[in-house]
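# Secondary and tertiary structure notes
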Amino acid sequence: MVIKTNIPENTMTDEEVEEGEEIDYTLELPTYSVNPDNNKWSMYKYVTINYPKNATKKEYSLDDGKTWIEYKSPVLFTKTGYIIARCSNEQNSLMADPFKVTFIDPFIPIISLD
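Here's what I pulled together on the structure shown here. (Residues numbered from 1 in each chain as written. Predicted model: local features only at pLDDT ≥ 70, side-chain atom pairs only at ≥ 80, totals over all residues. Heavy atoms only, no water.)

## Examining the overall build of the protein
- Each helix and strand counted, the protein has zero helices and eight strands in total.
- Shown N-terminal to C-terminal, the secondary structure of the protein runs as helices and strands in the order β-β-β-β-β-β-β-β.
- A buried classification covers 30% of the 114 residues belonging to the protein.
- Once local pairs closer than 6 in sequence are excluded, the contacts in the protein between residues at least 24 apart make up 51%.
- A total accessible area of about 8,700 Å² is found for the protein, and carbon and sulfur atoms account for 51% of it. (Helix = DSSP H or I, 4+ residues; strand = E, 2+ residues; numbered from the N terminus. Buried < 20%, exposed > 50% of the residue type's maximum accessible area, 1.4 Å probe, protein only. Contact = heavy atoms within 4.5 Å. Areas by Shrake-Rupley, 256 points an atom, 1.4 Å probe, with all protein chains shown as cover.)

## Description of unusual backbone geometry
- Residue Pro36 is bonded to the preceding Asn35 through a cis peptide linkage, with omega at -5°.
- Looking at the element boundaries, Pro36 is found in the loop between β1 (31-35) and β2 (45-50).

## Let's talk about the environment of Val101
- Looking at the secondary structure, you find Val101 in strand β8 (residues 99-101).
- Its relative accessible area of 0% is what places Val101 among the buried residues.
- Put simply, Val101 and Lys79 are 22 residues apart on the chain and 8.1 Å apart in space, counted from C-alpha to C-alpha.
- With sequence-adjacent residues up to four places away left out, Val101 is seen in contact with Asn38, Lys45, Val47, Phe77, Thr80 and Gly81.

## As for a nonpolar patch on the surface
- Among the surface-exposed residues, Met43, Tyr44, Tyr46, Leu76 and Ile108 lie close enough to one another that they form a single nonpolar patch of about 490 Å² accessible area.
- Locating Met43 in the fold gives a position in the loop between β1 and β2.
- On the basis of relative accessibility, which here comes to 37%, the residue Met43 falls in the partly exposed class. (Patch = residues over 30% accessible without salt bridge, like charges linked within 9 Å, V, L, I, M, F, W, Y side chains within 5 Å. Salt bridge = Lys/Arg side-chain N within 4 Å of Asp/Glu carboxyl O.)

## Topic: the packing of aromatic side chains
- According to the stated counting rule, one finds five aromatic pairs in the structure shown.
- Centroid distance Tyr32 to Phe99: 5.0 Å. Interplanar angle 20°. Geometry classified as stacked. A residue pair is termed long-range when its members are at least 10 positions apart, and Tyr32 in strand β1 and Phe99 in strand β8 qualify at 67 residues.
- When its relative accessible area of 18% is taken as the criterion, Tyr32 is described as buried. (Phe/Tyr/Trp six-rings, centres within 6.5 Å; stacked < 30°, edge-to-face > 60°.)

## Description of the pattern of salt bridges
- Evaluated as defined, the whole model comprises one salt bridge.
- In this structure, Glu59 and Arg86 form a salt bridge, with 2.7 Å as the shortest nitrogen-oxygen distance. In this pair, Glu59 is assigned in strand β3 (residues 57-61) and Arg86 in strand β6 (residues 81-88), connecting sequence segments 27 residues apart.
- The exposure class assigned to Glu59 is buried, which follows from its relative accessible area of 12%.

The following block contains the structure:
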């Protein structure tokens, strides 16, 4: 038997909630991973934000939280900067600490032997 009472319709997923089953709204903080490694020099970096599975809204900001962008894929950095991730579901919302992307140099070193 499928029950939808006391649960707003917009919170239902493809998986129906069975009678007596509780929905877990607990969220964990988003985490960041950087490629190439954030401690190595590179011409660019991609930041992947790892969100909890039960987050229904996934966003990031590149301007200290003034504007938010829906997260769809890794974010490209071509210069040093900060990124902030936030997520939410029907009951909770969390914002991770700002993450600094470093060691980016867009210029390829040229060695001249005269």
